[in-house]
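Structural overview
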Amino acid sequence: MANTGNKKVRRVKNIGTVYFDNNLNQFVGQIEIGKYNNGRKKYKRFYDNSSNGVVQKMRNYNDTHFSQINTTNIESNISVNDFFMMYISTVKIAQVKHSSYIRNLCTFDHQIKPLIGEYFLTDLTVNVIQIEFINKLIALGYSYSTIHKAYVLLNEGLKYAHAKKLILENPCDLVHEPRKKTFSNTKEIRFFNDEEIHKFETEALKKNSNGEYHYVNGLVLTILIYTGLRSGEIAALQWKDVHLEEGYLYIHRNAVVHYDKNKKRSFVINEGTKTNNGRIINLTKSAKKYFTLLYDMRKPIETDYVLLVDSKNEIRQSPDGLRASYHWICNNANIKNPQSLHTLRHTCASLLIRKNVDVKIISEMLGHSSVSFTYNTYIHLIKEEKAKIIKELDI
């Protein structure tokens, strides 16, 4: 037992934890059943005068809570498709944020289902997973990150199936996941050079004969070059969080895709961003200039969104229209291989690196999970700039 203050905690495999509460003079068992909106774990608790008694209550709850899955018949011919749809929609949905739940669905649909979805659970062997799943994902050219996410989801699901006695053992236990260092790290980061930035801005800020901007969100797209915001962050940004006089943005919300029970797609605004609860972005001169132009043109109220969406044709606060405008502008500006809207975020990073801004400041501005992530992502750019500085030293 682990000792945590006045509690001696015992972990019950595949179920939860049990400890004795001195204040209640009872044994307490707890099972994690999800998370609150702020990310804090949510627990179901059980009480009994004996350790065995509380464990039995936990087992009974665990057995009945997911009764939709047959937990008694190991020979049950449940397919990987059917099991994982049940697992993701009843177990994972209670454990993770909605955005992570959607990512799990996408991982299943694109990596697991096409390769091993038609197998029965009981037919999954080490060789099937190693050869038909892992090795084929490698052969198809998927990145280490994509393969790792698919493997983790498959492993977690099969661990649950094993705990529920749907399979005798988890074949993933003996599967060799590929090592990260065996994958090429030479994936090129696409960013605009100075000429392409000029061409993009010229096209994005083009006006019609009546003096109105040709692209509804052309200014917004230009702002992305100088702020590095993610598409979901700009879609969720309201004018009350744009502080022009003080010269900063408060980024604390994110627009994420949502699917209802009928798989109807929409976007919802979540508190918090992809990697943190919020951050301050100090506006550069260019960012402030374009935000001021946008404000003077729109005359918005505080609750208005920076991104305009045509509610008749598009999903409310969807970045979809922004992505379409981005590709139209790049095409009309004759910018070759613009890749995705994320290119503007990389362009912002490249501008900051070329101005010799400290990598920690860049990391904070972009809202990365760590400084090391920023450094590793833009390591080639950083090395190039360091080399230029060394060459110019007069020593």
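Residues numbered from 1 in each chain as written. Predicted model: local features only at pLDDT ≥ 70, side-chain atom pairs only at ≥ 80, totals over all residues. Heavy atoms only, no water.

Looking only at helices and strands, the chain features 14 helices and ten strands. Counting every position in the chain, which comprises 395 residues, the buried fraction comes to 43%. Taking as baseline every contact in the chain between residues at least 6 positions apart, the subset at least 24 positions apart corresponds to 58%. Accessible area for the chain stands at about 22700 Å²; split by element, carbon and sulfur atoms hold 50% of it. (Helix = DSSP H or I, 4+ residues; strand = E, 2+ residues; numbered from the N terminus. Buried < 20%, exposed > 50% of the residue type's maximum accessible area, 1.4 Å probe, protein only. Contact = heavy atoms within 4.5 Å. Areas by Shrake-Rupley, 256 points an atom, 1.4 Å probe, with all protein chains shown as cover.)

The grouping of I389, I390 and L393 at the surface amounts to a nonpolar patch, some 280 Å² of accessible area in total. As for its placement among the helices and strands, I390 is situated in helix α14 (residues 379-392). (Patch = residues over 30% accessible without salt bridge, like charges linked within 9 Å, V, L, I, M, F, W, Y side chains within 5 Å. Salt bridge = Lys/Arg side-chain N within 4 Å of Asp/Glu carboxyl O.)

Further remarks concern the environment of T275. Looking at where T275 falls in the secondary structure, it is placed in the loop between β9 (265-271) and β10 (279-282). The spacing of T275 and S369 is 94 residues in sequence and 5.5 Å in space, taken between C-alpha atoms.

A cluster of basic residues, K97, R103, K149 and K274, forms a positive patch on the protein surface. The exposure class assigned to R103 is partly exposed, which follows from its relative accessible area of 42%. (Lys, Arg positive; Asp, Glu negative; His and termini not counted. Charge placed at Lys NZ, Arg CZ, Asp CG, Glu CD.)

Overall, the coordinates contain one cavity of 30 Å³ or more when judged by the stated rule. In terms of lining, the largest cavity is formed by E233, A236, L237, D241, Y250, I251, H252 and R253. At the level of secondary structure, the elements contributing two or more residues to the lining of the largest cavity comprise α8 (231-236) and β7 (248-251). Its residues assigned to classes, the lining of the largest cavity comprises four nonpolar, one polar and three charged. (1 Å grid on protein atoms, 1.4 Å probe; cavity = no way out; pocket = protein on both sides within 12 Å on 5 of 7 lines; lining within 4 Å. Points joined across faces, edges and corners; volume = space filled by probe spheres on them. Nonpolar A, V, L, I, M, F, W, Y, C, P; charged D, E, K, R; others polar.)

Here the structure, examined in full by the defined rule, presents twelve aromatic pairs. Ring geometry for F200 and Y326: centres 5.9 Å apart, planes at 45°, overall tilted. Taken together, the residues F200 in helix α6 (residues 194-204) and Y326 in helix α10 (residues 320-332) connect sequence positions 126 residues apart. Judged by relative accessible area, which is 0%, F200 ranks as buried. One aromatic cluster in this structure is built from F83, F84, Y87, F108 and Y160. Taking the ring centre of Y213 as reference, the NZ or CZ of K207 above it sits at 5.0 Å. (Phe/Tyr/Trp six-rings, centres within 6.5 Å; stacked < 30°, edge-to-face > 60°. Lys NZ or Arg CZ within 6 Å of the ring centre and 35° of its normal.)

Between helix α7 (residues 218-227) and helix α11 (residues 342-354), whose axes approach to 6 Å, the crossing angle comes to 40°. What the angle tells us is that α7 and α11 run oblique. Every residue of α11 that contacts α7 at L221, L224, I225, Y226 and T227 is listed here: L344, T347, C348 and L351. (Axes fitted to C-alpha atoms, helices over the stretch in contact; angles between N-to-C directions. Parallel < 35°, antiparallel > 145°, perpendicular 65-115°, else oblique.)

Time to look at helix α5 (residues 144-163). Taking 1.5 Å per residue, 20 residues should reach 28 Å; α5 reaches 28 Å between its end C-alpha atoms and fits that length. Buried within α5 we find I147, A150, Y151, L153, L154, N155, G157, L158, Y160 and A161. For α5, the elements touching its buried residues are α2 (80-90), α3 (98-116) and α4 (126-139). Where α5 ends, the next residue or the one after it, K165, has phi of about 65°, a positive value. (Expected span 1.5 Å × (residues − 1).)

Another aspect to go through is the packing of α2 against α3. Axis separation between α2 and α3 bottoms out at 11 Å; the angle between their running directions is 170°. Relative to α3, α2 is oriented roughly antiparallel. Residue-level inspection shows V80, N81, F84, M85, I88 and S89 of α2 in contact with α3, the latter providing Y101, N104, L105, F108, I112, K113 and I116. Tallied by class, the residues present in the contact of α2 with α3 amount to nine nonpolar, three polar and one charged.

Attention now goes to the sheet that holds β7. Spatial strand order, β6-β7-β10: three strands in an open sheet with antiparallel pairing. This sheet does not close on itself; its edge strands, each paired only once, are β6 (242-243) and β10. Inspection of the sheet shows β7 paired to β10 by four bridges, in the antiparallel sense. Each bridged residue has a counterpart across the sheet, and for I251 the counterpart in β10 is R279. (Pairing = 2+ DSSP bridges.)

It is worth spelling out the pattern of salt bridges at this point. What the rule picks out here adds up to ten salt bridges. Between D194 and R354 there is a salt bridge, with its nearest N and O atoms 3.1 Å apart. Separated by 160 residues along the polypeptide, D194 in helix α6 and R354 in helix α11 bring together distant segments of the chain. A salt bridge links E203 to K206, with the shortest nitrogen-to-oxygen separation between them at 3.0 Å.

Per-chain confidence: the chain averages 85 in pLDDT, with 88% of residues scoring 70 or above. Low pLDDT (under 50) marks residues 66-75, which in the prediction has 18 contacts with non-local residues, meaning those over four places away or in another chain. (pLDDT = per-residue confidence, 0-100.)

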